[in-house]
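Chain by chain, the residues:
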Number of protein chains: 4
Amino acid sequence: MKALVYHGPGEKSWTDVPEPKIQKPSDVVVRVDTTTICGTDLHILKGDVPAVTPGRILGHEGVGTIVEVGSAVSQLAVGDKVIISCIKSCGRCSFCQQGNFAHCLGDEGASGIGWVFGHLIDGTQAELVRVPYAETSVYKVPETVTNQQGVMLSDILPTGFEIGVQYGQVKPGDVVAVVGAGPVGLAVMATAGLYGASRIIAIDLDTNRVEEAKKFGATDGVNPASPEWKEQVMSLTDGWGVDVAVEAVGVPQTFQMCTEIVRPGGRVANVGVHGKPVDLQLQNLWIHNISISMGLVNANTTPMLLKLVASGKLNVDNFATHHFKLDEMMDAYDTFGRAAETRALKVVIDR
Amino acid sequence: MKALVYHGPGEKSWTDVPEPKIQKPSDVVVRVDTTTICGTDLHILKGDVPAVTPGRILGHEGVGTIVEVGSAVSQLAVGDKVIISCIKSCGRCSFCQQGNFAHCLGDEGASGIGWVFGHLIDGTQAELVRVPYAETSVYKVPETVTNQQGVMLSDILPTGFEIGVQYGQVKPGDVVAVVGAGPVGLAVMATAGLYGASRIIAIDLDTNRVEEAKKFGATDGVNPASPEWKEQVMSLTDGWGVDVAVEAVGVPQTFQMCTEIVRPGGRVANVGVHGKPVDLQLQNLWIHNISISMGLVNANTTPMLLKLVASGKLNVDNFATHHFKLDEMMDAYDTFGRAAETRALKVVIDR
Amino acid sequence: MKALVYHGPGEKSWTDVPEPKIQKPSDVVVRVDTTTICGTDLHILKGDVPAVTPGRILGHEGVGTIVEVGSAVSQLAVGDKVIISCIKSCGRCSFCQQGNFAHCLGDEGASGIGWVFGHLIDGTQAELVRVPYAETSVYKVPETVTNQQGVMLSDILPTGFEIGVQYGQVKPGDVVAVVGAGPVGLAVMATAGLYGASRIIAIDLDTNRVEEAKKFGATDGVNPASPEWKEQVMSLTDGWGVDVAVEAVGVPQTFQMCTEIVRPGGRVANVGVHGKPVDLQLQNLWIHNISISMGLVNANTTPMLLKLVASGKLNVDNFATHHFKLDEMMDAYDTFGRAAETRALKVVIDR
Amino acid sequence: MKALVYHGPGEKSWTDVPEPKIQKPSDVVVRVDTTTICGTDLHILKGDVPAVTPGRILGHEGVGTIVEVGSAVSQLAVGDKVIISCIKSCGRCSFCQQGNFAHCLGDEGASGIGWVFGHLIDGTQAELVRVPYAETSVYKVPETVTNQQGVMLSDILPTGFEIGVQYGQVKPGDVVAVVGAGPVGLAVMATAGLYGASRIIAIDLDTNRVEEAKKFGATDGVNPASPEWKEQVMSLTDGWGVDVAVEAVGVPQTFQMCTEIVRPGGRVANVGVHGKPVDLQLQNLWIHNISISMGLVNANTTPMLLKLVASGKLNVDNFATHHFKLDEMMDAYDTFGRAAETRALKVVIDR
């Protein structure tokens, strides 16, 4: 079969590889019908994630059709259309039993990290993919949900909702600021209404993205290049700051912005993937009664989000900006890699 | 009357000052029967808290007897024995209505900080003290509770419980580490059992304090001077770290220790008062699904803690190490200021 | 001044009464600009609420303008436009300090019931009304909120939201059934979206009301006169029942309906005012892991709901079906009393 | 092998039966080292549980040693000492994924009830037992925990803690009343301290049991035969009633007692198994802001409770009153069946 293979920093190809096989009784093999590319895949290609070794098939998002099931699989059958969650869960370890699938101790990689596809085992940018612990790691897709909608539930929707909205403890009436209007920041905005936010402020240097954010639920936009950006944010509150500030970029400056606009008693929810330490101004902040959360998605809200997409209560159609076929994978990477120029949010890659 | 007056950095005296008077209908005046000294008072004396200006009477902890009530006070009467909370609450502003008394907007100082005594208005290290918003800022003392017990409820018990245990979201079965076994760290240990901690690990450079901590609920002790201190902590868990790490010192190194011993999915509760930024290792921590909390006590659990002290379920007798009379205030400061040498925890100063 | 006075069962008049005066330092007097009638007022007129004695001015909902303030009132001023909450809160008693304003022990009636207007003291269906504990019992109205919107926040919106949605613990993705599509049932439907309900099922014998409910957020309607009504509800779920069933009628049969359609692990939230015991089928239900909640509104979410109305996130314009002037009060009662015929939801009565 | 077999109402024997075998890849077979008898077993023997058919081996509590594992079992091995939970969990269905194991849809019985042993499949009062979904239904026993301690974690400890304490939302400072001082009521008392109850009131007609309850954490006792029983309970509170009233008997009268002593804003947690409807006084209670919970144990806190037993923070040694060998099973039933006379709480039956 064909797959997108990582060959070391800066090197990748869409090439022939052996087909995956069932290795354990709880595995299934899925034919990939739709996949996409994540910003994390670009980081891997730069060599920033040393755990990914040459020869690894990339990709951790996908919708597909089951073609083979292991002997212990009874809740899934060949032919089932499923969303592959970016996080596998063994369902049995101490972390999984507390809903902390992000730190599943299941033996695929045995690292205490639930993200294995395109990381510790072969991923979803391929014609076929083996899924371990399938009964607790994939979700059947109702007929009313399209592949393009479903693939947004592999990673970005649950990440935005769990790590931004739930960890940020958004509650009815809250003013929420989201710093960074990329795909995951937009997923935060798209789901903040599920807890009744009264205002959602998109903060991004790119004026077009701020405008675009309004399609995803933002009620206001602020450009941090303005010297009055902070006053602008404050003026959208009662003067004391936002209830929840979500960091969705991953650099020290945006993290610090969040700590500056959050009100006493508020929450900073870090969603961004960081590469450097940040200077936490604890001498000022200790007295502010704030909390700062961070983490990898558990994807334990995927079934619930799927229900909301199926019932039409959660609109995810605006994330897909470009469409490709599997054998145009290299073009899809090119378009997604030049997102500032191509205005790509999510590129949808179909079989 | 006599009071302990701050005269600028390094300068204080027990001296004659005018008696306080009722200023607003919701005020009361309290005769101080018992007070104590807090580490924060020592910071003020060093000049670290510029909001405290020369001439200010210090002290934010106290038990006393009401001697005068304002015209709008109906729930309190002359003669009532009360605990004066270190945090005043107007009970009406948007912060108070959400239980966030630490940021009360009531007009005493109008700073958005509920801590006013010995800070923005005259404090409790005096023969008499005016208490604003008295009906929502003092608590009647049941007969079974002594003054010495009551004065621990002005600040350290609620601080340890709210900012350490509740913000740290301690839950039954949790392993809790407390870095720093001073009065507030010990108050964390003394109250962690209220949410069923399975182990409480005291971490302090002072071996005697670690030993002392066991009287307050610690089940284990670790000395961070040991090169294996971290392994020692991990061995008291399932190998993945503690559920809750409480910082009760206030320096960057102890904060970082907490982030290193907390398990994925765990919480760091900062109780310490910090004077410098800390370097947050977000490049490692973002994936750990931890949260970091911090804040000034709201003192909204004081009535509940008082109930537990009254019923004998919460033992606070071990905090008091030294006793003085009001007119020995300068000696009390001397003893408390040399705590490492005198082994002082709380000095109790009676009328 | 004129007011609507209760003269005993079946007897009322719009008549001259003395003007109210400030009685305590924390009182204000409000000129009523807008008021309305509640189903409870009709119950009182039938003689069903013995605590209401002849001579009492009725009404517990209103928006008005402050004309006089007591000596301890500093946060409110003459000329302020305010919403009068149906629940007064002293802000100081043990119940108020836990947010349980419904059981405020403040001395107006001293009954442990926060609902005093038109019940234990004179109410809002009058030209002027005295409001005790004003700083914690009224809310300033922003300029963007109309009187007609504001008066819905005196009672029905917080009742629907707190007792239906919050006590029912609605969470994102939930299927919510509301039995009874009267004003309070509709208020439940209007606010269930604040916690991300995926479906809201209106259940009522009146087909027109079920249709009307869709303007308030209902996604589906069921008529319980149908012998298949229960199957119809189940078919709108995964077959196991609704997550939350809200009783908004107040008779045993509708309460039992709720217990029959709630899924294992679900919640029944009783909002209705009941006059008789109900037969709880505990021999079947004990194993279902359900909870049943009930209560009088605390009105502690009023400021938050007001924020949502002001920001346009919560539409309350559809509740008002008829308009009257204060001196048409008797006509307003007539129209509201024949709601089945007049299709009245809320009658808005302006100065 | 030998087992305790139900032969229809009133009929049982300790008799020869075929040994169980692995049926599915996720099964294990356990040699029973310790078991016990539950009040539910006596109900079954009376014929009160029609789902139990003649020929069924009874028992849903046990500690044993794994003697065979299915092909999909990787986390457990032959020789492991395990606690068998009374509730099996498939770990995959929609109920299990929300922690609601009590309503597991796994195919053993396919009833939506997680309790299968001695009910829908053969149970633990036998030399060997087959355990389905073993990796999510048994818990390895640490060396420091005895069999007698472990068997209390099969059912009564999690039932008391989850259905009494957690569903009752006990929080620090609460006054908790437990009506019924049998094994499960005592388990509620033994675990209420994990959330910091300030008082635990044991209410039972049997004076000896009330006295015995103090070994399990009760601070006070009340005999409901006294005409002043209710006043006695109220006098142990602030006069407004208990925060949490736990029903641990299972008859209408005790349920009603709970609704009469709970304070406004409090919770009634029903733990008892009921055979008849109860008359809920909703005409009085609707205004009290109480909630009423009920349910079958999920046993999702078993690992946590096991940790507390292992660390010595939870004492369960007092539950065992009588000891038998497996082949004395009929004697054990006799002793347990005459509990009022023999003062049996739990009878421990060892291999």
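A few points on the structure.

Cut-offs used in this document
- Residues numbered from 1 in each chain as written.
- Chains lettered and ligands numbered in written order.
- Predicted model: local features only at pLDDT ≥ 70, side-chain atom pairs only at ≥ 80, totals over all residues.
- Heavy atoms only, no water.
- Least-squares fit on C-alpha atoms with pLDDT ≥ 70 in both.
- Contact = heavy atoms within 4.5 Å.
- Phe/Tyr/Trp six-rings, centres within 6.5 Å; stacked < 30°, edge-to-face > 60°.
- Helix = DSSP H or I, 4+ residues; strand = E, 2+ residues; numbered from the N terminus.
- Buried < 20%, exposed > 50% of the residue type's maximum accessible area, 1.4 Å probe, protein only.
- Salt bridge = Lys/Arg side-chain N within 4 Å of Asp/Glu carboxyl O.
- Buried area = accessible area lost by both parts, 1.4 Å probe.
- Polar contact = N/O pair within 3.5 Å; in protein donor to acceptor, adjacent residues only side chain to side chain.
- Nonpolar A, V, L, I, M, F, W, Y, C, P; charged D, E, K, R; others polar.
- Pairing = 2+ DSSP bridges.
- Axes fitted to C-alpha atoms, helices over the stretch in contact; angles between N-to-C directions.
- Parallel < 35°, antiparallel > 145°, perpendicular 65-115°, else oblique.
- Left-handed = near helix turned anticlockwise from the far one by under 90°.

A word on the relation of the copies chain A and chain D
The transformation that overlays chain A on chain D combines an axial shift of 0.0 Å with a rotation of 180°, and the residual RMSD is 0.0 Å. Taken together, the rotation and translation relating the two chain copies correspond to the operation of a two-fold axis. A shared binding surface is used by both copies, with 100% of the interface residues of chain A retained as interface residues in chain D.

Digging into the packing of aromatic side chains
Between two aromatic rings, the relevant description is the distance of the centres plus the angle of the planes. Under the defined criterion, the tally for this structure stands at 12 aromatic pairs over all chains. Judged by centre distance (5.5 Å) and plane angle (85°), the ring pair of A:Trp240 and B:Phe95 falls under edge-to-face. Here A:Trp240, found in the loop between helix H6 (229-235) and strand S11 (242-247), pairs with B:Phe95, found in the loop between strand S5 (81-84) and strand S6 (128-131), and the two come from separate chains. Given the relative accessible area of 4%, B:Phe95 is considered buried. Ring centres 5.9 Å apart and planes at 5° place the aromatic pair B:Phe161 and B:Tyr195 in the stacked group. Placement of B:Phe161 in helix H3 (residues 156-166) and of B:Tyr195 in the loop between helix H4 (183-192) and strand S9 (199-203) is noted, with a sequence separation of 34 residues between them. Judged on exposure class, the residue B:Phe161 and its partner B:Tyr195 are both buried.

Here we look at the pattern of salt bridges
Residue and element names in this part refer to chain A. Enumeration over the complete set of coordinates arrives at 60 salt bridges over all chains. Between Glu61 and Lys346 there is a salt bridge, and its shortest N-O distance comes to 3.0 Å. Placement of Glu61 in the loop between helix H1 (39-45) and strand S4 (62-69) and of Lys346 in strand S16 (residues 346-350) is noted, with a sequence separation of 285 residues between them. Here Glu61 falls in the buried class, since its relative accessible area comes to 0%.

Some points on the interface of chain A and chain B
Opposite the 41 residues of chain A that make contact, chain B presents 41 residues. Together chain A and chain B conceal approximately 3400 Å² of surface at their shared face, both sides included; 65% is due to carbon and sulfur atoms. When residues of chain A are sorted by the area they lose upon contact with chain B, A:Trp286, A:Asn289 and A:Met294 head the list and together hold 21% of the total. Scanning the region where chain A abuts chain B turns up 0 salt bridges. The interface formed by chain A and chain B contains 17 residue pairs in polar contact (both at pLDDT 80 or more). Contributions of two or more residues to the side of chain A that touches chain B are made by strand S12 (262-270), strand S13 (278-280), helix H8 (282-285) and strand S14 (291-294) of chain A. Partitioned by chemical class, the residues of the side of chain A that touches chain B number 21 nonpolar, 17 polar and 3 charged. Pairing between S13(A) and strand S13 (residues 278-280) of chain B: 3 bridges, direction antiparallel. Paired with A:Val278 across the bridge in S13(B) is B:Leu280.

Some details on the pairing of strand S6 (residues 128-131) of chain D
Residues and elements named next belong to chain D. Burial of the side chains of S6 extends over both faces: Leu128 and Arg130 are buried on one face and Val129 and Val131 on the other. Of the strand pairs in this sheet, strand S3 (residues 28-36) and S6 are connected by 4 bridges, and their pairing is antiparallel. Within S6, the position partnered with Val28 by the bridge is Val131.

Concerning the interface of chain A and chain D
In this complex, chain A contributes 11 residues to the contact, which on the side of chain D involves 11 residues. When chain A packs against chain D, close to 1100 Å² is buried across both sides, 46% of that on carbon and sulfur atoms. Looking at the side of chain A facing chain D, the largest losses of area belong to A:Gln75, A:Arg92 and A:Gln97, adding up to 42% of the total buried there. Connecting chain A to chain D are 2 salt bridges. Ionic pairing is found between D:Arg92 and A:Glu135, a salt bridge with its closest N-O pair at 2.4 Å. Inspection of the chain A/chain D interface yields 2 residue pairs in polar contact (both at pLDDT 80 or more).

Observations concerning the relation of the copies chain A and chain B
One copy of the chain maps onto the second through a rotation about an axis and a displacement along it. The transformation that overlays chain A on chain B combines an axial shift of 0.0 Å with a rotation of 180°, and the residual RMSD is 0.0 Å. A shared binding surface is used by both copies, with 100% of the interface residues of chain A retained as interface residues in chain B.

Observations regarding unusual backbone geometry
One non-glycine residue, C:Arg343, adopts positive backbone phi at about 55°. With respect to the helices, strands and loops of the structure, C:Arg343 is situated in the loop between helix H11 (339-342) and strand S16 (346-350). Unusually for a residue other than glycine, D:Asn289 sits at a positive phi of about 55°. The topology assignment puts D:Asn289 in the loop between helix H8 (282-285) and strand S14 (291-294).

A closer look at helix H9 (residues 302-310) of chain A
Residues and elements named next belong to chain A. All of the buried residues in H9 are Thr302, Met304, Leu305, Leu306, Leu308 and Val309. Where H9 is buried, its residues contact strand S5 (81-84), strand S7 (138-140), helix H2 (147-151), helix H3 (156-166) and helix H4 (183-192). Directly beyond the C-terminal end of H9, a positive phi value near 80° is found at Gly312.

Looking at the sheet that holds strand S8 (residues 175-179) of chain A
Overall, mixed pairing links the 12 strands, which are arranged S10(A)-S9(A)-S8(A)-S11(A)-S12(A)-S14(A)-S14(B)-S12(B)-S11(B)-S8(B)-S9(B)-S10(B) in an open sheet. On the outer flanks of this sheet lie strand S10 (220-222) of chain A together with strand S10 (220-222) of chain B, each paired with one strand and no other. On average, each strand axis in the sheet is inclined to that of its neighbour by 20°, with strand direction left out of account. As paired strands, S12(A) and S14(A) are joined by 4 bridges and run parallel to one another. Bridge pairing in S14(A) places A:Ala269 opposite A:Ser293.

Thoughts on the packing of helix H3 (residues 156-166) of chain C against helix H4 (residues 183-192) of chain C
Residues and elements named next belong to chain C. Their axes nearest at 8 Å, the elements H3 and H4 cross at an angle of 70°. As summarised for this structure, H3 and H4 are arranged roughly perpendicular, according to the angle between their axes. Crossing angle aside, the handedness with which H3 passes H4 is right-handed. The segment H3 lies against H4, with Ile156, Leu157, Thr159, Gly160, Phe161, Gly164 and Val165 engaging Pro183, Val184, Ala187, Val188, Thr191 and Ala192. Class assignment for the residues of the contact of H3 with H4 results in 9 nonpolar, 4 polar and no charged.

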